[in-house]
Amino acid sequence: MFANNGIIILLTLLIALMASITPMPLSVDAFRPDWVLIVLVYWCLALPDKVNIITAWVMGFILDVLLGSVLGIHACAMALSVYIVVVNFQKIRNFSVWQQALIIGVLSAQYHLIVFWLQRLLTEVVFLPSYLYPVITTIVLWPWVFLLLRRVRRHFKIK
Amino acid sequence: MNPIFKHGPSPQYRIILVLLLSASLMFFDHQMASFETARGYLQSLVSPLQYMANAPKQMMNWASRNIVTRQQLMAQNEHYRENELFFHEQAMQLSIVTLENERLRSLLSSPVRAGIDKMFAEILSVDSDPYSHQVVINRGANDGVYEGQPVLDEKGIVGQILHVGASSSRVILISDITHAVPVRIQRNGLRLIASGSGQIDRLIHNFVPHSADIKKGDLLVTSGLGGKYPEGYPVARVVLVRTDESREFAIIYSKPVAQIDRLRYLLLLSNTPSKEQTTTPRVDGASAVKKDSTVAGKS
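Cut-offs and rules
- Residues numbered from 1 in each chain as written.
- Chains lettered and ligands numbered in written order.
- Predicted model: local features only at pLDDT ≥ 70, side-chain atom pairs only at ≥ 80, totals over all residues.
- Helix = DSSP H or I, 4+ residues; strand = E, 2+ residues; numbered from the N terminus.
- Buried ≥ 20, exposed ≤ 12 C-beta atoms within 10 Å, placed from the backbone.
- Contact = placed C-beta atoms within 7 Å.
- Nonpolar A, V, L, I, M, F, W, Y, C, P; charged D, E, K, R; others polar.
- Expected span 1.5 Å × (residues − 1).
- Axes fitted to C-alpha atoms, helices over the stretch in contact; angles between N-to-C directions.
- Parallel < 35°, antiparallel > 145°, perpendicular 65-115°, else oblique.
- Left-handed = near helix turned anticlockwise from the far one by under 90°.
- Pairing = 2+ DSSP bridges.
- Core = buried A, V, L, I, M, F, W, Y, C linked by C-beta atoms within 7 Å.

Visitor: I'd love a proper account of the environment of A:His112, names of residues and values included.
Guide: All names here are of chain A. Positionally, His112 belongs in helix H7 (residues 97-122). Looking at His112, the number of C-beta atoms within 10 Å reads 21, which means it is buried. Between the C-alpha atom of His112 and that of Val135, which follows or precedes it by 23 residues, the distance is 8.5 Å. In this view, His112 contacts Tyr131, Leu132, Pro134 and Val135; residues no more than four positions away in its chain are not counted.

Right, dumping it as structure tokens:
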């Protein structure tokens, strides 16, 4: 993972982690996109031999610690969402960016629903439609993150 | 050069491994609570990330503190001076009342209340997870923070310490769905349990009979039962009382008096150990973090 500027991958993931915990006003907070998921999916599509399910699980675990939820919830949801990408990465690569954005939307919805179901299993949380607002922002964000990270990958020649 | 045929375990093998790992983590963390000490270390490990994530907000705060006009500062100063006078007068009264209260308590041969130490803390980050209401503060085990310590803002109870790291710790808010506070109505002393609802501006009171004397606007203060929260701090104000006779119990909602969505500075209370322990019966675990809502029903 660290050969050929692989450290840059780690840096982008760390920035994504920070973006997902920066304090925000309550009204904007409901729309916070899934930064970590987007960045992970990009690297899984681009370099599936470097970033894989285990990476996703570790990132999810760190997110669990950062968010103070029961350990394993975000890790499990993140790994399952990235699994779909890893299995189908050759198909998804050939889609246009907007089609990819829709797939990311589905993945993000799946991620949030898995987190909700697991939480529901452990505590008595009630579903609110606002839990799925991040899906919208994630779809809108994907093309920009995709272009940015592709630039980063080509500039640093990460292989 | 990327190999055409990938090496290493297949994705199927990996996902099964990872799912098993998650399931066992969840089981041991939630059911057995066996990660309490490890949580402290993990919290210390990730606290640099939290400090860094907080940097933009700190910069904004710094800017807003430094870019103020002279007029604003003067007006603020004036306001503080007035407040100080006001509080001084109250403090004078308070010391007399405290002395009197202590004397009366000693006459009644009931134990004198232990003094309370206070510590100042600042919010480091607020969690974006919609399922749990927690904040991280900039004090940890190095400053003497301990688990279960009550946390206040200038208006009322905010929550209690959940996990302690070396230099930061995590506070669970009273509105969290897994948290409950034993309270009483200030007006008539009726005891209730204030359970979090998962919504930032609502606490729920379960198992209150229809005949209970409770009105909209009643102030709820901590009852001191459970031994976590000291007695008499304001918690919430009743906003809705619905006595629908077709239901078993009355529906009662209240709104926390602390501004939980606008926290910035907090006060940590710690009970200094005194020789005379209170002899009042305690409902153990009533204010503890409950794992499911049935705890509220039992107490």
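Past the structure itself, the notes keep going.
Visitor: Help me get a handle on the interface of chain B and chain A, residues and values and all.
Guide: Of the residues lining the interface, 38 residues belong to chain B; the matching set on chain A comes to 37 residues. Within the residue set of the side of chain B that touches chain A, elements represented by two or more residues are helix H1 (11-31), helix H2 (36-53), helix H3 (55-66) and strand E1 (116-126) of chain B. With ten residues, the single largest contributor to the side of chain B that touches chain A is H1(B). Within the side of chain B that touches chain A, the residues separate by chemical class into 17 nonpolar, 13 polar and eight charged.

Visitor: Please give an account of helix H5 (residues 73-87) of chain A that cites residues and values.
Guide: In this model H5(A) runs 22 Å from its N-terminal to its C-terminal C-alpha over 15 residues, within 8% of the 21 Å that 1.5 Å per residue would give. Among the 15 residues of H5(A), 13 are classified as buried, and the element is accordingly described as predominantly covered.

Visitor: Give me the lowdown on the packing of helix H1 (residues 7-19) of chain A against helix H3 (residues 35-46) of chain A, citing residues and values where you can.
Guide: Residue and element names in this part refer to chain A. Their axes nearest at 8 Å, the elements H1 and H3 cross at an angle of 160°. In terms of orientation, H1 and H3 fall into the roughly antiparallel class. Seen along the crossing, H1 lies across H3 with a hand that is right-handed. Contact residues: Ile9, Thr12, Leu13, Ala16, Leu17 and Ala19 in H1; Trp35, Val36, Val39 and Trp43 in H3.

Visitor: So what's going on with the sheet that holds strand E11 (residues 250-256) of chain B? Residues and values would help.
Guide: All names here are of chain B. With antiparallel pairing, six strands are arranged side by side around a closed barrel as E6-E7-E8-E11-E10-E9. This sheet shows a mean twist of 40° between the axes of neighbouring strands, independent of strand direction. Sheet topology note: the strand E8 (residues 203-208)/E11 ladder contains four bridges and is antiparallel. When the bridges of E11 are listed, Ile204 appears paired with Tyr253.

Visitor: Tell me what's going on with the pairing of strand E7 (residues 191-196) of chain B, and back it up with residues and numbers.
Guide: Remark: a regular strand shows side chains that alternate across the two faces of the sheet. Residues and elements named next belong to chain B. Among the six residues of E7, five are classified as buried, and the element is accordingly described as predominantly covered. As paired elements, strand E6 (residues 180-185) and E7 share five bridges and run antiparallel to each other. Considered in E7, the bridge of Val181 is made with Ala194. Hairpin remark: E7 followed by E8, antiparallel, with six residues in the connecting loop; positive phi at Gly198, about 85°.

Visitor: Break down the nonpolar core for me, with residues and values.
Guide: The biggest cluster of nonpolar side chains holds 58 residues, and the ones touching the most others in it are A:Val39, A:Leu40, A:Val41, A:Met78, A:Ala79 and A:Val82. Taken together, the elements giving at least two residues each to this core come down to H1, H3, helix H4 (53-67), H5, H7 and helix H8 (133-155) of chain A together with H1 and H2 of chain B. Not counting the four nearest positions on each side in its chain, A:Val41 is found in contact with A:Val82, A:Val85, A:Ile104 and A:Leu107. Grouped together as the second largest cluster of nonpolar side chains are 38 residues, B:Val135, B:Val151, B:Leu203 and B:Val235 included.

Visitor: Run through H3(A), naming residues and quoting values.
Guide: Residues and elements named next belong to chain A. Helix length check: H3 (twelve residues) gives 17 Å between terminal C-alpha atoms against 16 Å at 1.5 Å per residue, within 8%. The buried fraction of H3 is high, at eleven of twelve residues. Along H3, the residues classified as buried are Trp35, Val36, Leu37, Ile38, Val39, Leu40, Val41, Tyr42, Trp43, Cys44 and Leu45. Close packing links the buried residues of H3 with H1, H4, H5, helix H6 (89-93), H7 and H8.

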